[in-house]
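So you can see what is in the structure, the chains are spelled out below.
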Number of protein chains: 2
Amino acid sequence: MNIDMIRAAAKRLDGHARRTPILTSPFLDEIAGRRVFVKAECLQHTGSFKFRGGWSAVSALGENARKAGVIAFSSGNHAQGVALAARAHHAPAVIVMPADAPAIKIDNTRALGAEVVLYDRATEDRNEIGARLAKDRGLVLIKPFDEPLVIAGQGTCGLEIAADMTAQGVTDADVVVCCGGGGLTSGIALALAADAPGLRARPAEPEGFDDVTRSLVSGRIERNAKVAGSICDAIITPAPGTLTFPIMQDHCGPGIVVSEDECLRATGLAFERLKIVLEPGGAAALAAALFHPDEFSQDAVVAVATGGNVDPDIFSRALDTLS
Amino acid sequence: MNIDMIRAAAKRLDGHARRTPILTSPFLDEIAGRRVFVKAECLQHTGSFKFRGGWSAVSALGENARKAGVIAFSSGNHAQGVALAARAHHAPAVIVMPADAPAIKIDNTRALGAEVVLYDRATEDRNEIGARLAKDRGLVLIKPFDEPLVIAGQGTCGLEIAADMTAQGVTDADVVVCCGGGGLTSGIALALAADAPGLRARPAEPEGFDDVTRSLVSGRIERNAKVAGSICDAIITPAPGTLTFPIMQDHCGPGIVVSEDECLRATGLAFERLKIVLEPGGAAALAAALFHPDEFSQDAVVAVATGGNVDPDIFSRALDTLS
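The following paragraphs examine the structure supplied in this document. (Residues numbered from 1 in each chain as written. Chains lettered and ligands numbered in written order. Predicted model: local features only at pLDDT ≥ 70, side-chain atom pairs only at ≥ 80, totals over all residues. Heavy atoms only, no water.)

Thoughts on the overall build of chain A
Line of reasoning, step 1. When its secondary structure is counted, chain A shows 14 helices and 10 strands.
Line of reasoning, step 2. Each principal axis of the C-alpha atoms in chain A carries an extent, and together these give about 55 × 40 × 40 Å.
Line of reasoning, step 3. Relative to its 323 residues, chain A shows a buried fraction of 64%.
Line of reasoning, step 4. Long-range contacts, defined here as pairs at least 24 residues apart, represent 74% of the contacts in chain A between residues at least 6 apart.
Line of reasoning, step 5. As presented, chain A carries roughly 11100 Å² of accessible surface, and 49% of it is formed by carbon and sulfur atoms.
Line of reasoning, step 6. Measuring between centres, the 31 positive side-chain charges of chain A sit 5 Å from its 39 negative side-chain charges. (Helix = DSSP H or I, 4+ residues; strand = E, 2+ residues; numbered from the N terminus. Buried < 20%, exposed > 50% of the residue type's maximum accessible area, 1.4 Å probe, protein only. Contact = heavy atoms within 4.5 Å. Areas by Shrake-Rupley, 256 points an atom, 1.4 Å probe, with all protein chains shown as cover. Lys, Arg positive; Asp, Glu negative; His and termini not counted. Charge placed at Lys NZ, Arg CZ, Asp CG, Glu CD.)

Observations regarding the relation of the copies chain B and chain A
Line of reasoning, step 1. The transform that puts chain B on chain A rotates by 180° and translates by 0.0 Å along the axis, for an RMSD of 0.0 Å. Those values place the two copies in the arrangement expected of a two-fold rotation axis. Of the C-alpha atoms belonging to chain B, the one lying closest to the rotation axis is found on B:I276, 2.3 Å away. (Least-squares fit on C-alpha atoms with pLDDT ≥ 70 in both.)

Some details on helix α14 (residues 312-320) of chain A
Line of reasoning, step 1. Those residues of α14(A) not exposed but buried are A:F315, A:A318 and A:L319. The arc that holds the buried residues of α14(A), viewed along the axis, is 100°, so those residues lie on one side. Opposite its buried face, α14(A) presents the exposed residues A:D313 and A:D320, each directed more than 90 degrees away.
Line of reasoning, step 2. Those residues of α14(A) hidden inside the fold are in contact with α12 (260-274) of chain A together with α12 (260-274) and α14 (312-320) of chain B. (Arc of directions from axis to C-beta.)

Regarding helix α7 (residues 126-137) of chain A
All names here are of chain A.
Line of reasoning, step 1. Across its 12 residues, α7 extends 16 Å between first and last C-alpha, which sits within 8% of the 16 Å expected from 1.5 Å per residue.
Line of reasoning, step 2. Within the span of α7, buried status applies to R126, I129, G130, L133 and A134. Looking straight down α7, one finds its buried side chains confined to an arc of 130°; they lie on one side. Turned more than 90 degrees off the buried face of α7, the exposed positions are E128, K135 and D136. (Expected span 1.5 Å × (residues − 1).)

With respect to the sheet that holds strand β5 (residues 115-119) of chain B
Residue and element names in this part refer to chain B.
Line of reasoning, step 1. Read across the sheet, four strands follow the order β5-β4-β3-β6 without closing on themselves; strand pairing throughout is parallel. Two strands in the sheet have a free side with no partner beyond their single neighbour: β5 and β6 (140-141).
Line of reasoning, step 2. Pairing of strand β3 (residues 70-73) with β6, which is carried by two bridges, proceeds in the parallel orientation. Each residue of the ladder has a partner; that of I71, found in β6, is L141.
Line of reasoning, step 3. Packing against the sheet, helix α7 (residues 126-137) makes contact with β3, β4 (93-98), β5 and β6, and its axis sits at approximately 170° to β3. (Pairing = 2+ DSSP bridges. Axes fitted to C-alpha atoms, helices over the stretch in contact; angles between N-to-C directions.)

Thoughts on the pairing of β3(B)
One face of the sheet, then the other: side chains in a regular strand alternate in exactly this way.
Residue and element names in this part refer to chain B.
Line of reasoning, step 1. Of the two faces of β3, the one lined by V70 and A72 and the one lined by I71 and F73 are each fully buried.
Line of reasoning, step 2. The pairing of β3 with β4 spans four bridges and is classified as parallel. What sits directly across from V70, in β4, is A93.

In structure tokens, the structure reads:
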């Protein structure tokens, strides 16, 4: 895994993925006590950064593999990213999703032309289900994070951050990334190390699901006690990946652990001040930037707002934090 | 009023206004029955396109006028645009606002450093109040739409649409604009006529407040019977301007009248499919594109999503349309 793979992915994504804007608000700066830059990846196709990795992986397939099709297992955002990328490449897609994923994510994935296979997150192993289906039908498995082509695709987000922040004269800052298995975080970390070494990636995770933060402290892969039961469902994974963890060890600063309530408040403030829609898991980095000022030292911070696929009832809870 | 004034405004805005993205979703295309492109001007600084006109006007002031300060009267979005532009230029700003404007708009305007003067929209004339204050304190009045520098600033949005749609190969389409007094609509119309003559601006207005649509039909300035009482408050004005109306007559296609319910549904769909926050008035153009397919003939339509400064309770009503 290296920067050249990210640059190659950027070429494949050019003209297909959206170059998402970096947004700011003086009101958020005031809350954080420093300048806050929000990379609005919720505006990416399918509403999350996952489209980057999906496109990167599908576009790299040979003609025959593309015809056979792809399979992915996902809490939802990876599913939509792979489904849309596959459809654009005329490749069949099978998506294995937890039965408790938000309804909108399941519906959207089906509407994007994929076949959806549901499983029970508490009792079944999605890796096993995915591997079996892949074997039975000759599908190429696109893992959600521990896969070089996917990490390379997510890393293109880091190339954009490096270029845009450098253009704005911000060369010394932490870049906080909502972190599940670490595909985006490690991809961004590699891109920043290459193109803007004064910018440092840092994972943000919800309380109770801080496997990456603890792994970075202990120096070995730590697992979460639970793998479900958070409104931050988009970034809940059992443990960091075997590919992503060493990259994060080499290039990331310490993790930041935020509460669900902080994620809801950050979602509400993103609504009020940036006019973007975030899901709570996609607001973890912004929550860290806004509500954990003591964990940063520079006068600027970048928060990657990773996704916005949220059910209206959860979003209403975020709106309630504003009153 | 001509294209050179818009190009000059674009130079003054360069590096200060945001070049807002054009967003798409296959789900919206399916509803509309054609490709839908949404110019997400809600992501502009202060949450609406009004920052463009505010910056254009304030940045054109001479040194002495800037020191004396500016005054504006506005239902809210123009207020915030002028307030932030004035603060950036170290110019004092007085904003005359209707007392029934959304609380968030009044609060935000004050927080951006402006002095806010409230008036009763039903019984008082904001033009009169503005003129008196301007005279008493030596302030430069920045009208919300019927002012060449403001039209020029709003027109920069049209330059961006012309360039971005041409780059995407879309050269024949209607560009629907949420329309109040016609500052944005006329500015965009001029820009499109110059840079992308196959793109045609068309105003979208809420039922009961369709002064521009009726004026374009009758060929003379028609007034609304009411000047308050719509959730589309951002685009409610008594009548088109004397500067903006002739420009719209020369360059715009017919107006499109949408219901409040359609605006709420479009706001909900923008939340669900584009991950942007719109106010109902800022969703009028998208509502026209999605729910009035028979009023268009080309296979693509551009909707300008003009603003996102919405109170949570109104936004909750938009979310309710999704279930």
